[in-house]
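A look at the structure
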Amino acid sequence: MFHVEQMKYPDYDVIVVGAGHAGCEAAAAAANMGSKVLLITMNMQNIAQMSCNPAMGGIAKGQIVREIDALGGYSGIVSDRSSIQFRMLNRSKGPAMWSPRAQNDRMLFAAEWRKMLEQTPNVDFIQDTVSSLSHANGKITGVHTSMGLSYKAKAVVLTNGTFLNGIIHIGEKQFGGGRSGEKASTGITEQLVALGFESGRMKTGTPPRLDGRSLDYSKMEEQLGDENPSKFSYTNTPKLVNQKSCFMAYTNEKVHEILRTGFEQSPMFNGRIQGLGPRYCPSIEDKITRFSERDRHQLFVEPEGWDTVEIYLNGFSSSLPEDVQYRALRSIEGFENVKMFRPGYAIEYDYFPPIQLNHTLETKLIEGLYFAGQINGTTGYEEAACQGLIAGINAHQKINDLKPVILGRSEAYIGVLIDDLITKGTDEPYRMFTSRAEFRTLLRQDNADIRLTPLGYEIGLASKERMDNVNAKVIGNQLVIDLLKKTSVTPEEANPWLETVGTDPIRQKARFHNLLGRPQITLKAMILAFTNLANKLTEMGATDEFLEQAEINIKYEGYIEKESELAEKVNRLEYISITDDLDFTIINSLSSEAIQKLTKIRPRTLGQASRISGVTPSDLSVLMVYLGR
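Structure report, in brief. (Residues numbered from 1 in each chain as written. Predicted model: local features only at pLDDT ≥ 70, side-chain atom pairs only at ≥ 80, totals over all residues. Heavy atoms only, no water.)

A few words on the environment of Ser180. Along the polypeptide, Ser180 turns up in the loop between strand S11 (173-176) and helix H5 (188-194). Taking relative accessible area as the criterion, Ser180 reaches 35% and is therefore assigned partly exposed. Residue contacts for Ser180: discarding those within four places in its chain leaves Ile168, Arg342 and Tyr345. (Helix = DSSP H or I, 4+ residues; strand = E, 2+ residues; numbered from the N terminus. Buried < 20%, exposed > 50% of the residue type's maximum accessible area, 1.4 Å probe, protein only. Contact = heavy atoms within 4.5 Å.)

Below you can see the structure in the form of structure tokens.
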């Protein structure tokens, strides 16, 4: 009789559940820092899928991608390798508002992510569905899968996206699914709720995908990429040479009338969808209801890649019946003969209000369990990716008894996002905006490497080459500033040019540093106008990056100093700790609302307490007195 030995699966340091943007960053970060990682995904063919629009970055989101890259994450590198168009948004505004955005080849993006993960040592892959978590004495110990397998780990990161009890809606049709053509995941929500977690429902949607051969682009407005395109990564990723155009189209009253005929069958309006949708990315039916005074809405016609005719119609997200979507599309100028590859749909899914997390993204109820991405109520690839990065980093730090990585609101947009989530919570899909960051002059897209690469290098995620590049950039920036401070120009040399740019003449020698402070003058124009200055900068070896940094620092020196001082004052409250076991009910003079909110959220510092809705300045004063401050 033969003895059949049961297969013994290896134990892991970190298990990541889900291979979307959050899961990929979490797995890569933990593995690159030295943890043995298992990435479990329901479908190996769909790693790093761009489930919605084929683009990365945008307003505030572009800053997040650059921050991920600066720390040593992969999203910026993958995006650069798969870009088909690049634009720096908000160039007409100050540099604090500049936001990089790229159109991407959807299939190439996913392929590049998978290739990078497969080339990352310490990452194993399994195609399976996690059905439940294993835990003991309040600590995570591993996962169980639908195939009846069990894997042990010291930490688990859940990045389930829209798959937890996901339901897809198209008109009156509804069926289980986490994404078109993919089944939903069940079991995890029910187990977590039984363990004491609070869950909720959210909704998001996606527009129809179209056959680009059936569109008449001559009736649309062409949207070109930047003439001199930039990129996301601070590493030596390829420069984008050729670009594909996007186009703009518009709805009209006839389109709106056709869409309204489907409202009775819309799950948005007949109550079948309970979850709240994204406020800042509403469906087309939402738009024509909420903004009924408008007779048209802008649509962006976005190509899905280099070698496909598939088109993503940004701005036309819908869950109306497919025949209504089709008829409405055909009434858009340029879409008269449109062919639809697949209709838009809405998806409803489970999430867990993020006030149940610590700043590390570890859950308060189960040690070693981390949540990242849409499970926390966010929307967007970039928001998910940065949470995955931080969860992966902190899972590694935790199991190795190392200091957690917590980014402050004055250090990174990532810090703003996580602090917003765990301090304020969210009952609708959270999206990052520049307006959410009170220190956005400090948190620019151009200086993310200076802000964050030293930390990435310190924890073993960013390479020495990255750190060397940052040091060279800091030194180069200062050398340019010093040169501009000590190099002067006479009135005879300067005034004819100053007149052409519409600024006042000078009466005596002036330093270039002072002239650059004028709003009408740019460093690039000054270099073109004054050969002596251009020659000195060339001799110095000043790169475009050094010049951009120097110009921003000179022009916005006053704003940067004021914001830095304010951030320093605010951050003092972050050093006043609040113990986990503090009983707020025994503190006299705290308002009842403050007691309720503080008890529920359990802020770790007085700074965090100050950002909780319902905690007043007088409540903070009481807390400070109680804490001996």
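Under the criterion given, the structure shown has one cavity of 30 Å³ or more. The computed volume of the largest cavity comes to approximately 60 Å³. Lining the largest cavity, in full, are His359, Ile390, Val405, Ile406, Leu407, Ile414, Gly415, Ile418 and Asp419. Per element, the largest residue contribution to the lining of the largest cavity is four residues, and it comes from helix H10 (residues 413-424). Tallied by class, residues from the lining of the largest cavity come to six nonpolar, two polar and one charged. (1 Å grid on protein atoms, 1.4 Å probe; cavity = no way out; pocket = protein on both sides within 12 Å on 5 of 7 lines; lining within 4 Å. Points joined across faces, edges and corners; volume = space filled by probe spheres on them. Nonpolar A, V, L, I, M, F, W, Y, C, P; charged D, E, K, R; others polar.)

This part takes up the nonpolar core. The tendency in soluble globular proteins is for nonpolar side chains to be buried as a group. Of all hydrophobic cores here, the largest spans 99 residues; its most connected members are Ile15, Leu158, Leu369 and Ile414. Broken down by element, the residue count for this core peaks at 10 residues, all from helix H9 (residues 381-399). The contact partners of Leu369, leaving out residues within four places of it in the chain, are Leu133, Ile140, Val156, Leu158, Leu192, Phe197, Leu361, Glu362 and Thr363. (Core = buried A, V, L, I, M, F, W, Y, C linked by side-chain atoms within 4.5 Å.)

Right, let's talk about the sheet that holds strand S10 (residues 167-170) for a bit. Hydrogen bonds between backbone atoms are what pair the strands of a sheet, whose relative direction is either parallel or antiparallel. Here we have four strands laid out as an open sheet, ordered S11-S10-S19-S12, and antiparallel in their pairing. Each edge of the open sheet is held by one strand with a lone partner, namely S11 and strand S12 (200-206). The mean angle between the axes of side-by-side strands here comes to 25°, regardless of whether they run parallel or antiparallel. (Pairing = 2+ DSSP bridges. Axes fitted to C-alpha atoms, helices over the stretch in contact; angles between N-to-C directions.)

With that settled, consider a nonpolar patch on the surface. Residues Ile475, Leu479 and Met540 make up a contiguous nonpolar surface patch of about 250 Å² in total accessible area. Tracing the sequence through the fold places Leu479 in helix H12 (residues 464-486). (Patch = residues over 30% accessible without salt bridge, like charges linked within 9 Å, V, L, I, M, F, W, Y side chains within 5 Å. Areas by Shrake-Rupley, 256 points an atom, 1.4 Å probe, with all protein chains shown as cover. Salt bridge = Lys/Arg side-chain N within 4 Å of Asp/Glu carboxyl O.)

This part takes up the sheet that holds strand S3 (residues 55-57). Judged by pairing direction, the sheet is antiparallel, and its three strands sit side by side in the order S3-S5-S4 without closing on themselves. Of all the strands in the sheet, just S3 and strand S4 (83-89) have a single pairing partner and so form its edges. The mean angle between the axes of side-by-side strands here comes to 15°, regardless of whether they run parallel or antiparallel. Examined bridge by bridge, S3 and strand S5 (residues 99-104) share three bridges and lie antiparallel to one another. The residue of S5 that forms the bridge with Ala55 is Gln103.

A few words on the packing of aromatic side chains. Inspection of every chain in the model, using the stated rule, returns nine aromatic pairs. Summarising the aromatic geometry, the rings of Phe197 and Phe352 are spaced 6.2 Å apart at their centres and angled 85° between planes, so their arrangement reads as edge-to-face. Of this pair, Phe197 sits in the loop between H5 and S12 while Phe352 sits in the loop between strand S19 (345-351) and strand S20 (369-371), and the two are 155 residues apart along the sequence. Of the two residues, Phe197 and Phe352, both sit in the buried class. Lying over the aromatic face of Phe291, Arg294 brings its terminal NZ or CZ to 4.8 Å of the ring centre. (Phe/Tyr/Trp six-rings, centres within 6.5 Å; stacked < 30°, edge-to-face > 60°. Lys NZ or Arg CZ within 6 Å of the ring centre and 35° of its normal.)

On to the layout of surface pockets, then. The volume enclosed by the second largest pocket comes to roughly 1,500 Å³. Lining of the second largest pocket is provided by 43 residues; of these, Arg91, Asn228, Asp544, Glu545 and Glu548 occupy positions nearest its centre. Elements supplying a minimum of two residues to the lining of the second largest pocket: helix H11 (448-458), H12, helix H15 (523-529) and helix H17 (544-555). Broken down by element, the residue count for the lining of the second largest pocket peaks at eight residues, all from H17. Taken together, the residues of the lining of the second largest pocket sort by class into 16 nonpolar, 11 polar and 16 charged.

Of all the eight residues making up helix H3 (residues 75-82), seven are buried; the element is thus mostly covered by neighbouring parts of the structure. For H3, the full list of buried residues reads Ser75, Gly76, Ile77, Val78, Ser79, Asp80 and Ser82.

On to unusual backbone geometry. Even without a glycine there, the phi angle at Asp401 is positive, about 55°. Along the chain, Asp401 falls in the loop between H9 and H10. Exposure remark for Asp401: the relative accessible area of 74% places this residue in the exposed category. Non-glycine residue Ser589 carries a positive phi angle of around 80°. Mapped onto the elements of the fold, Ser589 is located in the loop between helix H18 (557-571) and helix H19 (592-601).

Time to look at the packing of H12 against H17. In helix packing, the relevant descriptors are the interaxial angle and the interaxial distance, both defined with respect to the helix axes. At a minimum axis separation of 8 Å, H12 and H17 run at an interaxial angle of 60°. By the angle between their axes, H12 is oblique relative to H17. Along this stretch, H12 crosses H17, giving a crossing that reads as right-handed. Every residue of H17 that contacts H12 at Ala472, Lys473, Gly476, Asn477, Val480, Ile481 and Leu484 is listed here: Glu545, Phe546, Leu547, Gln549, Ala550, Asn553 and Ile554. (Parallel < 35°, antiparallel > 145°, perpendicular 65-115°, else oblique. Left-handed = near helix turned anticlockwise from the far one by under 90°.)

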